[in-house]
Amino acid sequence: MPSSSLAAPLDVELRPDRPAMLRVAAPDDAARWAAEHREALRARVAEHGALLVRGLGLTDAEHVGAVFSRLAGEPMAETEAFAPRETVGPGLYSSTPWPANQPMCMHHELSYRLRVPGLVLFACLTPPATGGATAVADAEEVLRALPADLTRRFEQDGWLLTRSYNEEIGASLAESFGTDDRAAIEDYCRANAIETTWLGDGSLRTRQRRAAVVRHPLTGRRCWFNQIAFLNEWTLAPEVREYLVDEYGPEGLPFNTCHGDGSPIGEDVVECLNATYEAHTRREPWQAGDLLLVDNIRTAHSREPFTGERRVLVGMAEPRHLADGSFTPEASGR
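Below or above, wherever it landed, is the structure these notes cover.

1. Observations concerning the overall build of the chain
Here is step 1: Counting secondary structure elements, the chain contains 10 helices and 21 strands.
Here is step 2: For 334 residues, the compact-globule estimate of 2.2 N^0.38 gives 20 Å, and the C-alpha radius of gyration of the chain, at 20 Å, lies within 12% of that figure.
Here is step 3: Principal axes of the C-alpha set define a box for the chain whose edges measure 60 × 40 × 40 Å.
Here is step 4: Among the 334 residues that make up the chain, the fraction classed as buried is 54%.
Here is step 5: Long-range contacts, defined as pairs at least 24 residues apart, comprise 78% of the intrachain contacts of the chain with a sequence gap of at least 6.
Here is step 6: Accessible surface for the chain amounts to roughly 14400 Å². Of this, 50% is attributable to carbon and sulfur atoms.

2. Focus: the state of the cysteines
Here is step 1: Under the definition given, this model contains 0 disulfides.
Here is step 2: Distance from the sulfur of Cys189, which forms no disulfide, to the nearest cysteine sulfur (Cys258) is 17 Å.
Here is step 3: Note on Cys189: relative accessible area 1%, which makes it buried.
Here is step 4: Cys105 supplies the cysteine sulfur nearest to Cys272, a cysteine that is in no disulfide, at a spacing of 13 Å.

3. Observations regarding the nonpolar core
Here is step 1: Of all hydrophobic cores here, the largest spans 46 residues; its most connected members are Phe82, Phe122, Phe154, Trp224, Ile228, Leu273 and Leu292.
Here is step 2: With 4 residues, the top contributor of residues to this core is helix α9 (residues 267-279).
Here is step 3: Ignoring any residue separated from it by four or fewer positions in sequence, one finds Phe122 in contact with Phe68, Thr134, Trp286, Asp290, Leu291, Leu292, Val294, His301, Val312, Leu313 and Val314.
Here is step 4: Ala31, Phe68, Leu119 and Ala123 belong to the second largest nonpolar core, which has 29 residues in total.

The rules we used
- Residues numbered from 1 in each chain as written.
- Predicted model: local features only at pLDDT ≥ 70, side-chain atom pairs only at ≥ 80, totals over all residues.
- Heavy atoms only, no water.
- Helix = DSSP H or I, 4+ residues; strand = E, 2+ residues; numbered from the N terminus.
- Rg over C-alpha atoms; globule rule 2.2 N^0.38 Å.
- Buried < 20%, exposed > 50% of the residue type's maximum accessible area, 1.4 Å probe, protein only.
- Contact = heavy atoms within 4.5 Å.
- Areas by Shrake-Rupley, 256 points an atom, 1.4 Å probe, with all protein chains shown as cover.
- Disulfide = S-S within 2.5 Å.
- Core = buried A, V, L, I, M, F, W, Y, C linked by side-chain atoms within 4.5 Å.

Below you can see the structure in the form of structure tokens.
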């Protein structure tokens, strides 16, 4: 098995079908170990896009939070969430609630925001009985593999996220924006290039246009960076999509994605995106105490279906305002 030295006697294992992995003997103090090896660990994340650290023995939220703070510094609070998470510590959340039998396909965390996390950290406290891997895919490789005519249109027009907020499904206004005050929400949306429409029943619909391809702020390399497939209606299980359309109508789905000009994205496009992601997916089953560090701009991640209990904590850090991440004139010059 190929390997390369991180900082002797630590070795990173490299295989094409799984993330780069570092096995360590359980340290007496995982947070101190993380602080001592921070620069070397971050260098490996920059090199490989993601790094799975196995053997730290992470056991609870306090333990995980201490390690996260040593590796990433100040955590980034989540806003514009599409599903409510449990907050388990400062900047530390439960994984997104999603039916265990349904996959969460590849996406980049909060890639519809203007300020996006540059680093995402995952820690497994309880592995599932089967499945449930947090798989990863290299966004540079995915971009190169996608059909040129498909990427050309998305580069030209971007992508559009539409959302409908109500009290019945998905994140509420308070859960997504931190408040249910209409004026405060409108102020946030204006500052973040989000169009708002208030309906007669007090619910809110929003639209935000974002770039589908961005340049990595450190390497300058182009990455396929979005949630076009994940938040599209055609990625939903057929019975779920049918129920939501019947219940709320095609314009009232909790979330959906379109081409940047507002035209629908066909099922064939979503299938192509998900098939390309799958061809470039690297996965490793979770073990208790695992830590996964992900460069959120270079690397997409997913969550696979699972059985049994699964407890994975998530933290975000290093907010980036991508110069080419928005189609607003002040952000991109378009």
